[in-house]
Amino acid sequence: MIRDKSTKKARGKTAQAPKAARGVIAVTRPSFRRERALIKRGVWPVAGCDEAGRGPLAGPVVAAAVILDPDRIPRGIDDSKRLTAEERERLFDKICATAQVSVAVASRARIDRDNILRASLWALKRAVVALPEAPRHVFVDGRDRLDTACDCEAVIGGDGIVLSIAAASIIAKVTRDRLMCALAQDCPGYGFEQHKGYGVPEHLDALNRLGPTVHHRTFFAPVAAARAKHMPWTVEPVPDLFVVTEVDVQVEAAVEIDASASL
C-alpha cells in the first residue's frame, strides 16, 4: 500500500507535544501559606514586616509591621513594587481597616549616625514592638533577622512570597511617599514629590545646582560631592597618610658593646 508522505509528516507533527515557551518567567503573587502553617501549629499572632527607603539619597527609612486577619484579608495584596500608586493607596486603606498595623521611622540623622543597614533594622524592630498585639512569630524581608522577643524568620524576596510581608511593604511605601511629598513643600526645586529622594538624574541635577538640604543623607556619595561643592567649609580635610615627617633623635650617651661578650 502506498502512503502519502505529506499525510505521514502531518500526523507526525500532530503527535508531537507542544513545546514550552522559552524565556518566560512566571510571576506568582505572595501567599498566606506560611502564616496558615503556623496557625495550624497553634502559633498566632504572626506578623510580617518590611521597610521602604534604603536606597534614596534623602529622607527617612520607614518600616512597617502587619498582622493580617485570616478571615479578612484584602484582595490584591502584592509586593509594593509591582503595584501602581493608586493600587497601593487603595490597599493601604483596606489593610489599615482590617489588620493590626504599626509604623516606625528612622530619621536622616539616625541613618548618618548608625549607617543605613543598622537604621533600617532598628526601625523594623521598633515597628514590631509597636504592634497592638505582641506577635509570636515574625517574618521579615531580607537576609537579616531581628532581635525580637519571639521567633523571627528572614525571607529573601519576602515581599513577593509572604503575604504579611507584602502587606507591610505597602504600608511602609505609602507612608514614606506621603512623608516625601510633605518634605517637597519645605524644599522646592528638588522634586521629592516625584522621585521620593531616589538618585534619578533630575535629583542629581538639583543636588548639583542647589546643594544638599538637611534631609539629605550626609555620607551618600552624591550628597557628599554636592556638599563639598556648595559648603566646602563643612568638609573636614582628610590627612595624608603618606606624608613623611622628620623626627629629631638625640643620643645622650653611647653604649659600647663588647663583641666578645657572651650573648
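The structure we're discussing is the one just above.
### A look at the overall build of the protein chain
Assigned secondary structure in the protein chain consists of nine helices and five strands. Across the protein chain, helices and strands are ordered from the amino to the carboxyl terminus as α-α-β-β-α-β-α-α-β-β-α-α-α-α. Buried residues in the protein chain amount to 39% of all 263 residues. At a minimum sequence separation of 6, the contacts of the protein chain that also span at least 24 residues come to 64%. If you sum the accessible surface of the protein chain, you get close to 17,000 Å²; carbon and sulfur atoms cover 54% of it.

### A look at the nonpolar core
By size, the foremost hydrophobic cluster in this structure holds 25 residues, and its most contacted members are Cys-49, Ala-65, Leu-124, Val-128, Val-138, Val-140 and Leu-146. Going through the elements one at a time, β1 (46-52), β2 (61-67), β3 (100-106), α5 (116-129), β4 (137-141) and α9 (221-230) are the ones with two or more residues in this core. Per-element tally for this core: the top contributor is α5, with five residues. In this structure, Leu-146 is in contact with Cys-49, Leu-121, Leu-124, Lys-125, Val-128, Val-140 and Cys-152, ignoring residues within four places of it in sequence.

### As for the side chain of His-195
Residue placement: His-195 occurs in helix α7 (residues 192-195). If we ignore the near neighbours within four places in the chain, the residues touching His-195 are Tyr-190, Val-200 and His-203.

### Comments concerning helix α3 (residues 85-98)
Here α3 is 14 residues long and its end C-alpha atoms lie 20 Å apart, about the 20 Å a rise of 1.5 Å per residue gives. Of all the positions in α3, only Arg-88, Leu-91, Phe-92 and Ile-95 are classed as buried. Summarising the axial view, the buried residues of α3 lie within an arc of 120°, below the 170-degree limit, and thus occupy one face. Residues of α3 that are exposed and angled more than 90 degrees away from the buried face: Glu-86 and Ala-97.

### With respect to α5
The end-to-end C-alpha distance of α5, which contains 14 residues, comes to 20 Å, matching closely the 20 Å that a straight helix rising 1.5 Å per residue would cover. Each element contacted by the buried residues of α5 is listed here: β1, β2, β3, α4 (108-114) and β4. Capping the start of α5, Asn-115 holds a side-chain oxygen 3.1 Å from the backbone nitrogen of Leu-117, two or three residues further along.

### Structural notes on the sheet that holds β2
What the five strands build is an open sheet, ordered β3-β2-β1-β4-β5; its pairing is mixed. Every other strand in the sheet has two partners, leaving β3 and β5 (151-155) as the edge strands with one partner each. Ignoring strand direction, the axes of neighbouring strands in this sheet form an average angle of 20°. When β4 meets β5, the two strands line up parallel, connected through five bridges. The residue bridging His-137 from the neighbouring strand is Asp-151, located in β5. Running over the sheet, α5 touches β1, β2, β3 and β4 and is turned about 150° from β3.

### A short note on unusual backbone geometry
Cis geometry marks the peptide bond from Trp-44 to Pro-45, where omega comes out at 5°. Within the fold, Pro-45 resides in the loop between α2 (33-40) and β1. At Asn-115, a position not held by glycine, the phi torsion is positive, near 85°. Residue placement: Asn-115 occurs in the loop between α4 and α5. Owing to a relative accessible area of 35%, Asn-115 belongs among the partly exposed residues under this scheme. The backbone of Lys-196 sits at a positive phi, close to 60°, despite the residue not being glycine. Inspection of the secondary structure assignment puts Lys-196 in the loop between α7 and α8 (201-210). A relative accessible area of 13% means that Lys-196 is categorised as buried.

### Section: a nonpolar patch on the surface
On the surface, a cluster of nonpolar side chains totalling about 200 Å² of accessible area is made up of Val-103, Val-105 and Leu-179. Among the secondary structure elements, Val-103 is positioned in strand β3. Exposure remark for Val-103: the relative accessible area of 37% places this residue in the partly exposed category.

### As for the pattern of salt bridges
Any two side chains of opposite charge can pair, on the condition that their charged atoms come close. Enumeration over the complete set of coordinates arrives at 15 salt bridges. Measuring nitrogen to oxygen at the nearest pair gives 3.4 Å for the salt bridge that ties Asp-78 to Arg-29. Of this pair, Asp-78 sits in the loop between β2 and α3 while Arg-29 sits in the loop between α1 (5-15) and α2, placing them 49 residues apart in sequence. Of the residues examined, Asp-78 reaches a relative accessible area of 5% and is grouped as buried. On the basis of relative accessibility, which here comes to 53%, the residue Arg-29 falls in the exposed class. Put simply, Arg-34 and Glu-153 hold a salt bridge, and the shortest N to O gap is 3.4 Å. Pair noted here: Arg-34 is in helix α2 and Glu-153 is in strand β5, with a separation of 119 residues, a long-range link. Here Glu-153 falls in the partly exposed class, since its relative accessible area comes to 30%. Taken together, the salt bridges that share partners define one network made up of Arg-29, Asp-78 and Arg-82.

Here is what the cut-offs are and how they apply
Residues numbered from 1 in each chain as written. Predicted model: local features only at pLDDT ≥ 70, side-chain atom pairs only at ≥ 80, totals over all residues. Heavy atoms only, no water. Helix = DSSP H or I, 4+ residues; strand = E, 2+ residues; numbered from the N terminus. Buried < 20%, exposed > 50% of the residue type's maximum accessible area, 1.4 Å probe, protein only. Contact = heavy atoms within 4.5 Å. Areas by Shrake-Rupley, 256 points an atom, 1.4 Å probe, with all protein chains shown as cover. Core = buried A, V, L, I, M, F, W, Y, C linked by side-chain atoms within 4.5 Å. Expected span 1.5 Å × (residues − 1). Arc of directions from axis to C-beta. Polar contact = N/O pair within 3.5 Å; in protein donor to acceptor, adjacent residues only side chain to side chain. Pairing = 2+ DSSP bridges. Axes fitted to C-alpha atoms, helices over the stretch in contact; angles between N-to-C directions. Patch = residues over 30% accessible without salt bridge, like charges linked within 9 Å, V, L, I, M, F, W, Y side chains within 5 Å. Salt bridge = Lys/Arg side-chain N within 4 Å of Asp/Glu carboxyl O.

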